[in-house]
Every structure is written in structure tokens, then in C-alpha cells.
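# Examining the three-dimensional arrangement
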Amino acid sequence: MKKWFPWIGIAAILGFSSVAVVKLGKQDDGRYLVSSLQHVELLGVTKTLQGQRPKDMAVSPDGKLVALLAHRRVYVAEPNGNIIAEIAHSAGALGIAWSPDGRKVYATLATGKIASYSWSGGKLAKLTELAVVPATVRANPGTTGLAVASNGTIYVALSIKNQVVALSPEGIVLTTWAVDACPYHLAISPDGRTLVSANRGGVIVKPAPEQGDPESRGKFEGTGVAHAKSANTEVQVDPRTDAGLSGTISIIALTGSGAEPKTLQVGRQPSGMAFSKDGVQLYVANSDEESVSIVDLNDQRVAKKISITPAEDPGFGQIPTDVALSPDGKRLYVSLGGANAIAVIEDGKVLGYVPTAWYPISIRCLGDNLVVGCAKGIGSRPSSKTTGFGVHDSVGVYQSIPLSSLKDLPAMTARVAINNSWTKTPEPRADVPALPIPERVGEPSKFDYVVYIIKENMTYDIAMGDFEGANGDPSLCTFPETVTPNHHALARQFGVLDNFYISGTNSADGHQWVASSVANGYTEQNYSANTRSYPYDGGDPLAFSPSGFLWTQAKAAKKSVRVFGEFVDQPQVIDTKTGKAPSWPRAWEDYKSGKGEVTIKAVTSQAALREHLVPNYIGFPAIVSDQYRADVFLSELKGWESDGKMPQLTMMLLPNDHTGGTRANFPTPRAAVADNDLALGRIVEGITKSKFWQKTLIIVAQDDSQLGYDHVDGHRSIAFVISPYSRKGATISDLYTHASIASTIGHVLGVPPMTRFDRTAKPMNGCFGSTPDLGTFTALKNNIPLDELNPPAKKLTGEAKRMSELCEKMDWDELDTQDKNILNRAVWLAEAPRSVARRGFSTTQPTRR
């Protein structure tokens, strides 16, 4: 590709400077800056979808309308961009289709069923729900892709059951086909004779047949095939990274003898598909391989693969999500969720790129327009004025872009280049002096060790809104200095960051961003519909970046690594007296007594992570106090001091600031946060008073910002950069995100970037001075009793009682399955009167849309 990009001044255009404070949201030039550190543009006619994230689209049989599936609504729109109807809906990961007469719209539900809506008189109306499994089967089959034949037969992919099912319009199961792991998108050929399923998990690794040989039991077919479970299905994984390795399509003949589906390997995690006009070729977007496969259906083989990665933007992160053919069949359009762009392909070559809103996830040609559903749109930016923004205040975007406007592709590609900060990565130089953060990866640093501490769920304002001298809103501060004395002391001593943002939305994608500097297409597609998994603690190889994690990248660079609790998806906390998991009070009593009757063991399903894990340190569940976690770390630190060796990269999950809401027999929200605050202070104190302090960089960040509201943006969160070179007492308002942290770690340790995001993100230079100060930190005692428990609901009255009862009814076995609005309100009601009122602020909950 020709290099006509205006590289000089891109950093200034993107606003990464220590002079002007650049925040997320709409910029002066009309673009939006989002928390992936990219700018996005709204071309064509655009409609913002308040509180919605688009997932999938389907063109009506007459080609005049498009049905758009968002995570909480179904819309019908025209080619010119007008949205003419909508209805509330709780969506699955994807799946929307029209009946052949255009009078019905079918859409998958998060419950595993299919909703049927009538379309008449410009209105949508609920008709019924179609079940794809018997009523006696309670397990959710994971309905995903939908397609409807000309005779009205409905085809639905069942991602958890690894099946494709044919239903009559009345909901009677007609046929079931077994396919490969995790079928998602479906497509029917133009002649209606062939159905194709894109299987994100690819080949299923099956148990070896029992032959009476005890040694054969539990083994799997395929010598040397690494595998792991995704929703209880064994899939092939990359042994270096634990990420899903295979991707297939299943070709199902809808006419003839009923033969088994034909399977073809395509690329990693196939996503959207489109047939050529004659039905001979099938185009498949490979979302974890950054390519498009062209399948020859006559020969049933992959005829060609086209890379969609620009030479100027290497590294995983383009993430092709969907494909669409132009009306004349000559051009292929590929939506790139990671690049916020559309790749334009002709004659097997990428001609250029077109900018879009944030995370285009579905694309169709509708008349003479290219219509695009952008999942994240313009970010968490509600249109109406509010006191506090929440991270789930997503504003998705529906775009209608005239095909006639795509003539000047070089100019559009140049804009995509600027929006994504395309640039070359310079080689390290010899004989340059050591800096706290080297200018180039591979150059010497003042630091030998990095400790990365990951906490849970807080906005900036919820705990630091009362911090004087920084951009906080005290009225949104639920956990002020009385609750978080160490947070405030760390900010005063080492500097406060008041312009840091989490890159994801919740723990499922937040921990992916923390550990791998990206959330892949599978993770983004599953937003609000995590029926297969909720991979906050790992456990699903399909959610993992093909480029691996900080620990795998550091190991590849020959750096020593130690991991405390991150991605421990099979923790074991057992009361030896009962053989069961203890209650929080029982675990606390055992911790305080030192009897050791509650045993704790870290177990992970990720083979590449096991060698790095501390065996008795877990992240979740929250029945374990963060004081125990601090004890384990400080014990390890003492051993490192004795040996004179410290891991070059240490990662640690310190999760109890997540809180357990107001459910009885658990710590009050402020006690949970105080527990976390004290543990953080103790850990930092231990490091600063160790022999390694002079050479150590500590970075602290939240994985997401679901708890609380923020007056700047729902993604704004708490972070600390702690080192002898920190700008003591400074207010640091440079714009940083999770990708900035990964970039900083890479520059310090000489570890190459994992993805395009940490490659293009600027390291956190604004946090450092040139002169070291070896002053240590002394942890402050907690003001809140750590064993202060929520009272039972029967002892409460009014709204507090109702919130306690709702918290008690929630499913707490998995993180973040709780209703976020209820949890936030419960925490606010419990804590605001005592944390806010005494400072003279209103105790009413922040105004919401």
C-alpha cells in the first residue's frame, strides 16, 4: 500500500501531551475519542442508539429495510438511515432474520429461545417465543445465528450444544445437525440449497475410545493436540497462549440424502459470512486471524485467504467481524471491529479503508447504501445531561453510508490511519542512557521489576471524587478518605491520575484488556449475553487473544513472571471441618485465629499460566479477605529478599473492592472497600521497604468501572503509578488507559507489544520525573471495621430492605451476573448517607437518564 499518510504531528492530533487535558467524548473537530485510544468518525447518515449496543442485522426480503438487533432492543430501519420502529428485547449474542414474506422478524433471546415479532403498519409487535429444546431441559442451549429459508423454515445455531437446528414457523424441531464447536453465524446460499455455519471453536477434540486400557481413559484424540474447555466442549488451543486455535465452517446440504455436514478449516474464529451472487463462493471473516477466507463451494476448499492488516498497523487487533458484497458483486466490504473501519476489497486485494463509529460489528448492503451497526458507537455518552455517567451507558450507532461516497479511498484510508495512530515501531538504539520509561522497547530502563496490581469495578469519583486538587466530584464519592485512607495517601505521595480510563466495560472484557491489551470479537459479540461463559477469570479459550497475555509475552522475552490470582478460574476454598466452602465470617474467623482450617488453593484451566501461579493465592471468591492476599504476597516478597531475586513481572488480583452489595452475612460495601484499601497499602509498604524498591515500578488499576458513577465519563477510573521516580504530589491529567499500562510495562521490561493497541498507545511518561526519591510508604490503619457485616433484610425498612432482599436473591456464584443498577443503588443507599452527608452534599442518588 502506498505510504501517503501524514505521520508528522499524529501524536499532537491525538492529543497525547502533558499540556492540554484531553478527555473522552466529542472533540473540537467533530470526532469522538474513545477508551481504546482511538478516534472515530460518523460518516453518512448516523443514528445514535441510547443505551444500546448493536449486535447483528438482517435485510428484509424486498431489500428495502434492515432489522437491527441490539442487546436490549430490536429496530427496523430504512436505507437512508431512518429508524422507523423499535421494541424492547433481551438479545442473545447475535441472530436476527426476516420471514420470507417480510411479515415477521425473528431474534434470538438471551434465555436461549427465539422471539417472533409481527411487522405490520410500520410497527413491531411481540407474537410468541419459540423454544429450540424441550421444556424439560433447563440448560440454555445458547441460541446465536439465525437464517430463514424461502419456505419459512427457521435455522438456528446452538452455540453451547454445538448444533444447528431446523424449526418450522410454529417452532417444531424438524432436523438437528451436529457441527463443530461454538456455531455462531449462519448463511443460506442464494439458491436455498446450502446452509453454512461458522464455528468459532472449530474442531472438537473428542475423548479417545475406551478400549479397556486404563491408561487410555481421559486421553484425547490427536497426538500432541493442546486442548481446553469452552462451555464444556474441548477445543484446540495454542499451547503457547491458551487461546483457541481452530476455526471451521460446516456446509449443510438442505436438499438430497441428508448427508452429514461437510467441514472445512478456515481461519481462527470465523465470524460473518456472505455468498457471492452465483453462490459459488463464500466469504468468511476470520476475526482472530485478521483475514478473510474465500471458499470455493464447488470444490469445497479454501481457495484463498486475504489479509486485512495494514502494513502500517501490525499486531493483532483489526478484528474482522462481518462481510458484505456490493450490489454488483465486485467489491467485498469487511467491518473491522478493532480498527473502527471498513476494509474495501476488490480482485482479492485491499483497496483501502473507510472510517466508522466505534466497533462496527455488522455490515450489509441495502440498496445503494452500506449500512453498519457499530456496537460501541460513540462510547458511554448519554445525550441528556446527567449528574453521573455509568460505564453501561453505551451509545451504539447505526450508520447508512452511500456507496457513491466511497470514491476517494486514499483520503479515507489516511483518516483511518490518523484515527488509529498508524506508525512504524522504531528499533532500539545502542548506548542510550537508562530512563524510567525508555523511549523505545528494548532500550534500558531505571526499573528492573514491575508489579501490576489489578482491582475491581470502581469509577474515579466513587472513591477519589473528594480528592482535592484533582478533577473529582465529591457528590459522587461513596467511599471517601475515611473509607479509603491508603488510596488518598498514595495519591498525595506518588501523584494522582485524574484522567485514566478503563478500556473495556465489565469484568469479562476488562480482564482481557488488563492481561492482553485487547478484547477479541467473541468477547465483544457476547456483551450482555454471556451464556457460554463470563471470562473474568479466564476459563474460556475462545475469549483469549491469539497474541497471548502479559505473562506469555514476558516469558517469550525470557523474563521471569509470578502471577497472584489472575485468571484462577477453579479456586478451591474449603473448610476442612465441613468439607465445604466456608461463609465469609467463618473464613474471617479462621484467618484471624491462624488455625489454617480453611484451605485455599489456586487452580487454573490454562496450562500456559500454571507455571507462574502462586499456589495458595486466589482472586475470587470474595469470601477470602484481601488481608489474606496481602499476607501471601508479603510472605513471597520476604522469600525473594532472602534469595536476592524478584520476578521481573508480578501480576496480582486484589478484588474485594468489588463488594457484595448489601446481602446479609457479608461485609458492608464500605468494609469490603476498606479491606481492599488496607491490603493495597500494606503491599505497597512492603515493596517500598524492600531491597528491590529502587528498581521497582508498581502500577495499580481497576479492571472495569461498573461500580459507581463519574462526572466525566463512565470509563474513568482509578489508577496509581508508584515508584522512586514518580512525580510526587502531582496531579497528572494526561490521558491513559489499560493499553497505556501494557505499553509502559513493555517499554520497561523490553517486552514487545501484544496487540496494535499497546503498540500505538503512548507509555505513561507523564507520571515520571528524572530524579529518584527513595522515600517509603507506610500503610494507614483502617477506619472501618473489616468485619462490619450487612444486617439481615428483616432488620431494615423501606428501600434499604428492598435492596437487601434483591441482593440476597441475586446469583453470586459468578462475578458480575448481578443486576448492575440494583447493585449500584444498594451500595449507594447503604453508604451515601454516612459518606456524603457529613460533607454537606446531597444524599439523593445521582440523577440518571
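Worth saying up front: this structure is predicted, and the values here are computed from it rather than measured.

### Remarks on the side chain of Ser 159
Within the secondary structure, Ser 159 sits in the loop between strand 14 (154-158) and strand 15 (163-167). Apart from residues lying up to four places away in sequence, Ser 159 is in contact with Pro 141, Gly 142, Thr 144, Cys 182, Pro 183, Tyr 184 and Arg 532.

### Regarding the pattern of salt bridges
A complete count under the given rule lists 32 salt bridges for this structure. We note a salt bridge from Arg 429 to Glu 443, for which the minimum N-O separation is 2.7 Å. In this pair, Arg 429 sits in the loop between helix 2 (409-420) and strand 34 (449-455) while Glu 443 sits in the loop between helix 2 and strand 34, placing the two residues 14 residues apart along the sequence. Look at Arg 429 and you get partly exposed, because its relative accessible area is 35%. Between Glu 685 and Lys 689 there is a salt bridge, with the nearest N and O atoms lying 2.9 Å from each other.

### A look at the environment of Gly 708
Mapping Gly 708 onto the fold places it in the loop between strand 42 (696-702) and strand 43 (719-722). With 115 residues separating them in the primary sequence, Gly 708 and Leu 823 have C-alpha atoms 9.4 Å apart.

### Some remarks on the packing of aromatic side chains
Using the criterion set out here, one finds 22 aromatic pairs in the structure. Relative to Phe 692, the ring of Tyr 449 lies with its centre 5.4 Å away and its plane at 75 degrees, an arrangement referred to as edge-to-face. Here Tyr 449 is found in strand 34, whereas its partner Phe 692 is found in the loop between helix 11 (669-688) and strand 42, with 243 residues between them in sequence. With 5.4 Å between their ring centres and 85 degrees between their planes, Tyr 536 and Phe 620 make a pair best called edge-to-face. Here Tyr 536 is found in the loop between helix 6 (521-525) and helix 7 (550-556), whereas its partner Phe 620 is found in the loop between strand 40 (613-618) and helix 10 (626-643), with 84 residues between them in sequence. Assigned by exposure class, Tyr 536 and Phe 620 land together as buried. Among the aromatic side chains, those forming a connected cluster through ring pairs are Phe 544, Phe 549, Trp 551 and Phe 567. One Lys or Arg, Arg 756, reaches over the ring of Phe 757 and ends 4.9 Å from the middle of that ring.

### Structural notes on the environment of Gly 145
Relative to the helices and strands, Gly 145 is located in strand 13 (residues 143-148). The buried category is assigned to Gly 145, whose relative accessible area is 2%. Between the C-alpha atoms of Gly 145 and Val 164, which are 19 residues apart in sequence, the distance is 9.1 Å. Those residues in contact with Gly 145, other than ones at most four positions away along the chain, are Leu 94, Gly 95, Tyr 155, Val 156, Ala 157, Tyr 184, His 185 and Leu 186.

### Some words on the layout of surface pockets
Approximately 1,300 Å³ is the volume found for the second largest pocket. Taken together, 47 residues make up the lining of the second largest pocket; nearest its centre are Val 59, Ala 187, Ile 188, Phe 275 and Arg 364. Here the lining of the second largest pocket is composed, by residue class, of 29 nonpolar, 13 polar and five charged.

### Remarks on the confidence of the model for the protein chain
Mean pLDDT over the protein chain: 91, with 91% of residues reaching 70 or higher. Long-range and interchain partners of residues 1-18, a stretch whose pLDDT sits below 50, account for 36 contacts in this model, where long-range means more than four residues apart. Taken as a whole, residues 211-223 scores under 50 in pLDDT and shows 19 contacts with residues more than four places along the chain or in a different chain.

### Comments concerning the pairing of strand 13
The side chains of a regular strand alternate, residue by residue, between the two faces of the sheet. Within strand 13, six of the six residues are buried, which leaves the element mostly enclosed by the surrounding structure. In this sheet, strand 14 lies alongside strand 13 in antiparallel orientation, the contact comprising four bridges. Of the residues in strand 14, the one forming a bridge with Ala 147 is Tyr 155. Linking two consecutive strands that pair antiparallel, namely strand 13 and strand 14, is a turn of five residues; a positive phi of about 95 degrees is found at Gly 152 within it.

### Overview of empty space enclosed by the protein
Over the atoms rolls a probe the size of a water molecule, and in doing so it shows where empty space is left. For the structure shown, the criterion picks out nine cavities of 30 Å³ or more. The volume enclosed by the largest cavity comes to roughly 100 Å³. If you trace the largest cavity, you find it lined by Trp 584, Ala 622, Asn 656, Thr 659, Gly 660, Phe 666, Pro 667, Ala 671, Ala 672, Asp 675 and Leu 786. In terms of residue class, the lining of the largest cavity is made up of seven nonpolar, three polar and one charged.

### Some details on helix 11
With 20 residues, helix 11 extends 29 Å between its outermost C-alpha atoms, agreeing within 8% with the 28 Å of an ideal straight helix rising 1.5 Å per residue. Across the 20 residues that make up helix 11, a large majority, 18, are buried.

### Considering the sheet that holds strand 30 (residues 349-355)
Read across the sheet, four strands follow the order 27-28-29-30 without closing on themselves; strand pairing throughout is antiparallel. This sheet does not close on itself; its edge strands, each paired only once, are strand 27 (320-325) and strand 30. The mean angle between the axes of side-by-side strands here comes to 25 degrees, regardless of whether they run parallel or antiparallel. In the sheet, strand 28 (residues 331-336) pairs with strand 29 (residues 341-346) via six bridges, with the strands oriented antiparallel. Pairing of Ser 335 across the sheet is with Ile 342, part of strand 29.

### Examining the sheet that holds strand 23 (residues 270-275)
Strands sit in the order 23-24-25-26 across an open sheet of four strands; the sheet is antiparallel. Taken across any chain shown, the strands that pair with only one partner, and hence form the sheet edges, are strand 23 and strand 26 (301-307). Each strand of the sheet is rotated relative to its neighbour by a mean of 25 degrees, with strand direction disregarded.

### Considering the state of the cysteines
Tallied over the full model, the rule gives zero disulfides. Free cysteine: Cys 365, not disulfide-bonded; nearest cysteine sulfur from Cys 374 at 15 Å.

### Some points on the packing of helix 10 against helix 11
For the pair helix 10 and helix 11, interaxial distance at closest approach is 8 Å and the crossing angle is 10 degrees. Judged by the inter-axis angle, helix 10 sits roughly parallel to helix 11. Contacts from Asp 626, Gln 627, Ala 630, Asp 631, Phe 633, Leu 634 and Leu 637 in helix 10 reach Asp 675, Asn 676, Leu 678, Ala 679, Arg 682, Ile 683, Gly 686 and Ile 687 in helix 11. Of the residues belonging to the contact of helix 10 with helix 11, the class tally is eight nonpolar, three polar and four charged.

### Concerning the packing of helix 4 (residues 485-494) against helix 11
The relative placement of two packed helices comes down to the angle between their axes together with the axis-to-axis distance. In contact at an axis separation of 7 Å, helix 4 and helix 11 are set at 40 degrees when each is read in the N-to-C sense. Judged on the interaxial angle alone, helix 11 and helix 4 are oblique. Residue-level inspection shows Pro 485, Asn 486, His 487 and Leu 490 of helix 4 in contact with helix 11, the latter providing Asn 676, Asp 677, Leu 678, Leu 680, Gly 681 and Val 684. Grouping the constituent residues of the contact of helix 4 with helix 11 by class yields five nonpolar, four polar and one charged.

### Some words on the environment of Phe 494
Along the chain, Phe 494 falls in helix 4. Sequence separation between Phe 494 and Pro 724 is 230 residues; the distance between their C-alpha atoms is 8.6 Å. Here Phe 494 is in contact with Trp 693, Val 721, Ile 722, Ser 723, Ser 726, Arg 727, Lys 728, Gly 729 and Phe 777, once residues within four sequence places are set aside.

The rules we used
Residues numbered from 1 in each chain as written. Predicted model: local features only at pLDDT ≥ 70, side-chain atom pairs only at ≥ 80, totals over all residues. Heavy atoms only, no water. Helix = DSSP H or I, 4+ residues; strand = E, 2+ residues; numbered from the N terminus. Contact = heavy atoms within 4.5 Å. Salt bridge = Lys/Arg side-chain N within 4 Å of Asp/Glu carboxyl O. Buried < 20%, exposed > 50% of the residue type's maximum accessible area, 1.4 Å probe, protein only. Phe/Tyr/Trp six-rings, centres within 6.5 Å; stacked < 30°, edge-to-face > 60°. Lys NZ or Arg CZ within 6 Å of the ring centre and 35° of its normal. 1 Å grid on protein atoms, 1.4 Å probe; cavity = no way out; pocket = protein on both sides within 12 Å on 5 of 7 lines; lining within 4 Å. Points joined across faces, edges and corners; volume = space filled by probe spheres on them. Nonpolar A, V, L, I, M, F, W, Y, C, P; charged D, E, K, R; others polar. pLDDT = per-residue confidence, 0-100. Pairing = 2+ DSSP bridges. Expected span 1.5 Å × (residues − 1). Axes fitted to C-alpha atoms, helices over the stretch in contact; angles between N-to-C directions. Disulfide = S-S within 2.5 Å. Parallel < 35°, antiparallel > 145°, perpendicular 65-115°, else oblique.

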